[in-house]
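A look at the structure
Here are the chains, one letter per residue:
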Amino acid sequence: MSSLLSIGKSGLLAAQVGLSTTGNNITNAGVAGYSRQVAIQSDTATQDQGFGFVGSGTEVTAVRRYYDNFLAVQLRNAESNQASLDAYTKQVSQIDNLLADPTAGLSPALQDFFNGVQDATSNPASAASRQAMLSTADSLASRFQGLSARLSEIASGVNGQITSSVGEINSYAKEIAALNQTIAGLTTDGKAPNDLLDHRDQMLTELNKLVKTTVIPGDNNTLTVEIGTGQPLVVGNTAFQLGTSTSPTDASRVTVGYQTASGAFSPLPDSVLSGGQLGGLLQFRDGTMDRAQNSLGQVAAALAVSFNAQHVLGQDQNGAPGTPFFGPINAYIGVNQNNSPLSTATVSAVVTDASKLTASDYSVDFDGTNFNVTRLSDGQITQINPFPQTVPQTIDGVDYTISGSPVTKDNFLVRPTYNAANDFSVAIQDRSKIALAAPIATGAPTTNAGNGKITAGTVDANYLTPGNALAAPVTLTFDKATGTLSGFPPAQDVTVTVNGVATVYPAGTPTIPYTDGAAISFGGINFNISGTPADLDTFSVGPNTSGVGDSRNGALLAGLQTKNILDNGNATYQTSYAQMVNFVGNKAREAQISGSAADAAVSQATAQRESVSGVNLDEEAANLLRYQQAYQACGKVMQVASQLFDTLINIR
């Protein structure tokens with residue numbers, strides 16, 4: 001009777017464990033990260049009764065957690081990618097909306113400015129037109145500065161989110177390390193605390209939404225958590241702390257690295273912190289954000305430099321040479337704080353050539369012998385040669401001046417266009433100083449007997465070279481017998497271009513062959529003489545002494561709007577800006593499409609995990625009924641055993 005009673009009791013206890021496990025599944029069905037559990041039963045040892053072996057009951061050998069590590073890793077990776085794309089999309093959408101706005105974007109301000117230039121060119125003597133040109137220039141500067149300020153606000157917000165994400169990562173790392181220690185202490189004989197394992201897995205899930213991790217199983221159900229390319233975050237019960245610090249070469253951004261208890265900071269490359277919200281923010285900042293700000297600055301710098309270059313070739317309303325219309329564009333220079341205190345090296349960089357200007361940043365490094373300038377967009381290296389310098393060296397449209405005594409590993413970050421939009425300003429406030437006129441005037445006297453004609457003439461940058469500007473008129477005389485022109489300045493070379501072929505006549509050449517329609521230039525002055533001059537016909541080239549109504553330089557300034565200046569002469573200001581807007585728009589659209597795909601991947605991975613680990617309430621209800629019936633049946637077995645025992649006792 002005792003064996004039957006024991007068998008019933010074992011079944012009763014097993015059913016009770018089954019009911020408790022099923023009840024636990026039902027009550028935790030809505031808990032994130034919970035994995036369903038099941039009580040595993042096995043029969044106990046059988047006993048030889050002579051005629052055969054008779055069972056002695058059942059026992060619960062384990063409460064198993066239904067968990068598939070492959071599916072869990074797959075889901076974590078999918079959620080990490082989803083979080084990264086979500087963070088990226090939220091940020092890039094702000095820039096896309098800002099730059100593409102048809103009223104608040106740059107294009108309307110550019111158009112208004114050049115409309116003002118064209119109006120002033122049409123009415124060079126009008127004070128109202130000149131003042132309107134200055135007003136549109138101020139509006140353009142305000143637009144550049146406003147867009148730059150908004151981009152800086154977005155960048156500042158990204159810095160704050162990066163700092164916040166790092167704090168959350170540290171919290172999860174500490175919690176996972178503590179759970180590692182607790183789980184290891186409770187793991188005995190292959191049995192582990194299932195609920196704590198679920199809780200730790202959920203912490204890993206939340207951590208992966210912040211930064212992508214690699215999880216490596218260890219002894220006693222502990223885990224090692226790594227980020228990036230193997231950098232440890234959690235090892236056993238030790239959590240490594242991340243921190244943020246201001247970039248040593250750029251005070252406007254934060255960097256992420258290891259933070260020790262003593263306060264020492266060791267930065268990590270942004271590239272190793274991929275995935276999750278942190279990875280998405282860094283990808284946005286280092287890619288789209290930097291390119292958008294640099295590209296906007298590229299347009300601002302190119303406009304300022306090219307417009308100034310043409311404006312200084314003109315003559316203002318007072319007859320004085322033109323001065324820069326816009327303020328100078330100086331590159332942002334970041335000095336690595338780790339540079340040796342013994343170093344006295346300084347670097348300055350000024351944008352001088354709009355056509356060669358790129359939207360890249362540059363690293364200037366001293367290797368102990370030479371300074372090397374590395375274009376960070378593609379790694380191209382240009383050596384500063386010679387060093388020490390005698391004159392600035394131009395690299396990609398930027399004049400580099402390096403002075404002082406460097407030490408090995410000196411490093412400088414040069415961002416030629418990063419602050420250009422913010423620094424864009426109008427240097428001229430007096431409308432009379434707008435140089436719409438050309439500094440030279442040409443002419444042919446009415447006494448000429450032939451039909452030769454001379455064009456109005458233009459000047460180029462060489463005209464600004466000391467000694468080239470005309471102080472008095474130059475008279476060119478045609479000699480019919482020799483078919484030549486004479487009277488050119490004796491100290492200057494003369495270039496004659498016919499059908500694209502240029503011939504240079506050295507300074508002091510007394511006569512130059514005349515060709516109908518040939519382009520003639522000397523000392524930065526360019527003009528054409530055409531027709532058939534008569535013997536001793538003259539043509540004059542001299543300073544412009546009555547340029548109030550002249551707008552030849554204004555026409556050249558207005559023509560800059562449609563001139564291919566940027567990208568080595570392949571893009572206008574507006575097409576370059578449009579390319580930037582198109583780039584940001586494409587990135588925003590790519591992020592949206594990728595985000596939709598990531599959402600689908602998460603849904604699929606979640607469904608796969610739930611098919612193994614999820615709680616099915618219908619199934620649990622069936623199990624509840626099954627264990628209830630088993631419990632009742634085992635109770636009946638014990639009741640029968642009790643009745644049989646009573647029968648034996650009552651036998652007389």
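You'll find the structure just up there.
The present account deals with the structure reproduced in this document. (Residues numbered from 1 in each chain as written. Predicted model: local features only at pLDDT ≥ 70, side-chain atom pairs only at ≥ 80, totals over all residues. Heavy atoms only, no water.)

Our next topic: the overall build of the protein. A tally of regular secondary structure across the protein gives 11 helices and 30 strands. Rg of the C-alpha trace for the protein: 41 Å, well past the compact-globule value of 26 Å for 652 residues, more than 25% over. In the protein, buried positions account for 44% of the 652 residues. Restricting to contacts in the protein with at least 6 residues of sequence separation, those with at least 24 account for 70%. Carbon and sulfur atoms provide 53% of the accessible area of the protein, an area that totals close to 30200 Å². Taking the average place of the 33 positive charges on the side chains of the protein and the average place of its 51 negative ones, the gap between the two points comes to 6 Å. (Helix = DSSP H or I, 4+ residues; strand = E, 2+ residues; numbered from the N terminus. Rg over C-alpha atoms; globule rule 2.2 N^0.38 Å. Buried < 20%, exposed > 50% of the residue type's maximum accessible area, 1.4 Å probe, protein only. Contact = heavy atoms within 4.5 Å. Areas by Shrake-Rupley, 256 points an atom, 1.4 Å probe, with all protein chains shown as cover. Lys, Arg positive; Asp, Glu negative; His and termini not counted. Charge placed at Lys NZ, Arg CZ, Asp CG, Glu CD.)

We now examine helix H8 (residues 552-559). Along H8, the residues classified as buried are Asn 553, Gly 554, Leu 557 and Ala 558. All buried residues of H8 lie within an arc of 140° about the axis, which places them on one face of the element. Residues of H8 that are buried in the fold lie against helix H3 (106-122) and helix H6 (276-311). (Arc of directions from axis to C-beta.)

On to the packing of H3 against H6, then. The contact between H3 and H6 brings their axes to 13 Å, and the two run at 10°. Between H3 and H6, the angle falls in the class roughly parallel. In this structure, H3 contributes Leu 106, Leu 110, Phe 113, Phe 114 and Val 117 to the contact, and H6 contributes Leu 296, Val 299, Leu 303 and Phe 307. By residue class, the composition of the contact of H3 with H6 is nine nonpolar, no polar and no charged. (Axes fitted to C-alpha atoms, helices over the stretch in contact; angles between N-to-C directions. Parallel < 35°, antiparallel > 145°, perpendicular 65-115°, else oblique. Nonpolar A, V, L, I, M, F, W, Y, C, P; charged D, E, K, R; others polar.)

In this section: the packing of aromatic side chains. For the coordinates displayed, the defined rule picks out 19 aromatic pairs. Note on Phe 366 and Phe 371: the rings are 4.9 Å apart at their centroids and 45° apart in plane angle, and the pair reads as tilted. In this pair, the class of Phe 366 matches that of Phe 371, namely buried. Here the aromatic rings of Phe 366 and Phe 387 are separated by 6.4 Å at their centres, their planes lie at 55°, and the arrangement is tilted. In this pair, Phe 366 sits in strand E14 (residues 362-366) while Phe 387 sits in the loop between strand E16 (381-383) and strand E17 (393-395), placing the two residues 21 residues apart along the sequence. Residue classification places Phe 366 among the buried residues on the basis of a relative accessible area of 8%. By relative accessible area, which is 24% here, Phe 387 ends up partly exposed. Among the aromatic residues, those joined into a cluster by ring pairs are Phe 113, Phe 114, Phe 144, Phe 307, Phe 325, Phe 326, Phe 424 and Tyr 573. Here Arg 626 stacks its cationic end above the ring of Tyr 627, 4.6 Å away from the centre of that ring. (Phe/Tyr/Trp six-rings, centres within 6.5 Å; stacked < 30°, edge-to-face > 60°. Lys NZ or Arg CZ within 6 Å of the ring centre and 35° of its normal.)

As a further point, take a nonpolar patch on the surface. Taken together, Ile 26, Leu 617 and Leu 624 make up a surface patch of nonpolar side chains, about 220 Å² in accessible area. The residue Leu 617 is located in helix H11 (residues 617-650) in this model. (Patch = residues over 30% accessible without salt bridge, like charges linked within 9 Å, V, L, I, M, F, W, Y side chains within 5 Å. Salt bridge = Lys/Arg side-chain N within 4 Å of Asp/Glu carboxyl O.)

Glancing now at the pattern of salt bridges. The final tally for this structure, using the stated rule, is 18 salt bridges. A salt bridge links Arg 415 to Asp 250; the nearest nitrogen and oxygen atoms lie 2.8 Å apart. Here Asp 250 lies in strand E10 (residues 250-259) and Arg 415 lies in strand E19 (residues 411-415), a separation of 165 residues in the sequence. Taking relative accessible area as the criterion, Arg 415 reaches 1% and is therefore assigned buried.

We now examine the sheet that holds strand E20 (residues 440-443). Strand pairing in a sheet is mediated by backbone hydrogen bonds. Such pairs are either parallel or antiparallel. In space, the five strands of this open sheet follow the order E20-E30-E23-E24-E27, with antiparallel pairing throughout. Strands at the two margins of the open sheet, each flanked by one partner only, are E20 and strand E27 (511-513). Between one strand axis and the next, the sheet turns through 20° on average, direction left out of account. Bridge count for E20 against strand E30 (residues 538-543) is four bridges, and the pairing is antiparallel. Bridged to Gly 443 within E30 is Ser 540. (Pairing = 2+ DSSP bridges.)

Our next topic: the side chain of Arg 76. Relative to the elements of secondary structure, Arg 76 occurs in helix H2 (residues 69-100). Buried Arg 76, no salt bridge; nearest opposite-charge side chain is Asp 201, N-O distance 4.5 Å. Ignoring anything within four residues of it in the chain, the contact list for Arg 76 reads Tyr 67, Asp 201, Leu 204, Thr 205, Asn 208 and Val 215.

This part is about the environment of Thr 288. Its place among the elements puts Thr 288 in helix H6. On the accessibility criterion, Thr 288 (1% relative accessible area) is buried. Ignoring any residue separated from it by four or fewer positions in sequence, one finds Thr 288 in contact with Tyr 88, Val 92, Gln 283, Phe 583, Val 584 and Lys 587. At 2.5 Å, the side chain of Thr 288 and the side chain of Tyr 88 are in polar contact. (Polar contact = N/O pair within 3.5 Å; in protein donor to acceptor, adjacent residues only side chain to side chain.)

It is worth spelling out H3 at this point. Compared with the 24 Å implied by 1.5 Å per residue over 17 residues, the 25 Å span of H3 between its first and last C-alpha is a close match. Every buried residue belonging to H3 is among Leu 106, Ala 109, Leu 110, Phe 113, Phe 114, Gly 116, Val 117, Ala 120 and Thr 121, and all of these are buried. All buried residues of H3 fall inside an arc of 145° around its axis, so they share one side. Buried residues along H3 sit against helix H4 (127-186), H6, H8 and helix H10 (573-613). (Expected span 1.5 Å × (residues − 1).)

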